[in-house]
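Chain by chain, the residues run as shown.
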Amino acid sequence: VGLLAAQLFQLRNATRVIGSAGTDEKVRLLRSKYGIEAFNYRRQAVGDALAALAPEGVDVFFDGVGGRTLDEALLHMSKFGTVLNVGAVSEFSSSSRGGLANAHAITDRALRISGFGVANYVPDFADARRRLADLVLAGKLTTEETVFGWEEYGAAHTALHAGGSVGKVLVAGPVAA
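These remarks concern the structure in this document. Just so it is clear, the model here is predicted, and its values are computed rather than measured.

Here is what the cut-offs are and how they apply
Residues numbered from 1 in each chain as written. Predicted model: local features only at pLDDT ≥ 70, side-chain atom pairs only at ≥ 80, totals over all residues. Heavy atoms only, no water. Salt bridge = Lys/Arg side-chain N within 4 Å of Asp/Glu carboxyl O. Helix = DSSP H or I, 4+ residues; strand = E, 2+ residues; numbered from the N terminus. Core = buried A, V, L, I, M, F, W, Y, C linked by side-chain atoms within 4.5 Å. Buried < 20%, exposed > 50% of the residue type's maximum accessible area, 1.4 Å probe, protein only. Contact = heavy atoms within 4.5 Å. Phe/Tyr/Trp six-rings, centres within 6.5 Å; stacked < 30°, edge-to-face > 60°. Pairing = 2+ DSSP bridges. Axes fitted to C-alpha atoms, helices over the stretch in contact; angles between N-to-C directions.

1. Some details on the pattern of salt bridges
Part 1 of the reasoning: A full pass over the atoms with the stated rule returns 7 salt bridges.
Part 2 of the reasoning: The shortest N-O distance in the salt bridge between E144 and K33 comes to 2.7 Å. Remark: K33 occurs in helix 2 (residues 24-34) and E144 occurs in the loop between helix 6 (125-137) and strand 6 (145-148); sequence separation between them is 111 residues.
Part 3 of the reasoning: Between R130 and D134 there is a salt bridge; the shortest N-O distance is 3.5 Å. You can see R130 and its partner D134 sitting in helix 6, 4 residues apart, about one turn around the helix.
Part 4 of the reasoning: Connected through salt bridges with shared partners, the residues D127, R130, R131 and D134 form a single ionic network.

Structure below.
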């Protein structure tokens, strides 16, 4: 989802797009293929990276991680900035969920936070699919995929949650006889 969002921001003429990834290989891919300023969140704290890459502040933060990542990002938002939240993957397997220690930044910086749950937009699916397909066919939008065979379902699930994949994790179904 993040790579798709980054490309859509670029297509909408965002001044800069900054992304994070969990391996140096993924950071290189984001930089070289997509022109995204990127950092490895396993090597550099989100707050430190945003301070270095966006010292003037972040206008729009697209968040699918939640937790500490969102908490650190709040301190680096521009005044009147927007947080678009599409999930909280950091909390999926966590038994302890903490609150936002930096929630004060929401008020201090007059931030807008919008949740984006895909199920809330079912009526828009057909139009969105058509528009995204048009961008793919025009070569303006690309995807990355890691494909596993049907018998590798367990490995695919592990790769998805451990960062051992690039792009979407797909499991190819069994071939009909």
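Next comes the rest of the write-up.
2. With respect to the nonpolar core
Part 1 of the reasoning: Ranked by size, the top nonpolar core spans 14 residues in total, and within it L50, V58, F61, L70, L74, M77 and V83 carry the most contacts.
Part 2 of the reasoning: At the level of elements, helix 3 (46-53), strand 3 (58-63), helix 4 (67-74) and strand 4 (77-85) are the ones that each hand at least two residues to this core.
Part 3 of the reasoning: In this structure L74 touches V83, L100, N102, A103, A105, I106, R109 and L111, once residues within four positions along its chain are discounted.
Part 4 of the reasoning: Listed in part, the 9 residues of the second largest apolar core include A6, A21, V27 and A38.

3. So, unusual backbone geometry
Part 1 of the reasoning: Residues other than glycine seldom take positive phi values, yet N13 does so here, at roughly 65 degrees.
Part 2 of the reasoning: Along the chain, the position of N13 falls in the loop between helix 1 (2-11) and strand 1 (18-21).
Part 3 of the reasoning: Judged by its relative accessible area of 66%, N13 falls in the exposed class.
Part 4 of the reasoning: Of note, F80 is a non-glycine position whose phi angle comes to about 70 degrees, a positive value.

4. Observations regarding helix 1
Part 1 of the reasoning: Considered for burial, the residues of helix 1 that qualify are L3, A5, A6 and Q7.
Part 2 of the reasoning: On its buried side, helix 1 packs onto helix 2 and strand 3.
Part 3 of the reasoning: Following helix 1 by one or two positions, N13 has its phi on the positive side, about 65 degrees.

5. Remarks on helix 4
Part 1 of the reasoning: Three or more residues of helix 4 are buried, namely T69, L70, D71, A73 and L74.
Part 2 of the reasoning: Against helix 3, strand 3, strand 4 and helix 5 (104-108) lie the buried residues of helix 4.

6. Some details on the packing of aromatic side chains
Part 1 of the reasoning: For the coordinates displayed, the defined rule picks out 1 aromatic pair.
Part 2 of the reasoning: Taken together, a centroid distance of 4.6 Å and an interplanar angle of 20 degrees make the contact between F116 and Y121 stacked.
Part 3 of the reasoning: Looking at Y121, the relative accessible area reads 32%, which means it is partly exposed.

7. Overview of the sheet that holds strand 4
Within a beta sheet, neighbouring strands are joined by backbone hydrogen bonds and run either parallel or antiparallel to one another.
Part 1 of the reasoning: The 3 strands are arranged 3-4-5 in an open sheet whose pairing can be described as parallel. The open sheet has two edge strands with one neighbour each: strand 3 and strand 5 (112-115). Mean inter-strand twist for the sheet, computed between neighbouring axes without regard to direction, equals 10 degrees.
Part 2 of the reasoning: Direction of pairing for strand 4 relative to strand 5: parallel, over a ladder of 4 bridges. Within the sheet, the bridge partner assigned to T82 lies in strand 5 and is R112.
Part 3 of the reasoning: Lying on the sheet, helix 4 is in contact with strand 3 and strand 4; it crosses strand 3 at an angle near 175 degrees.

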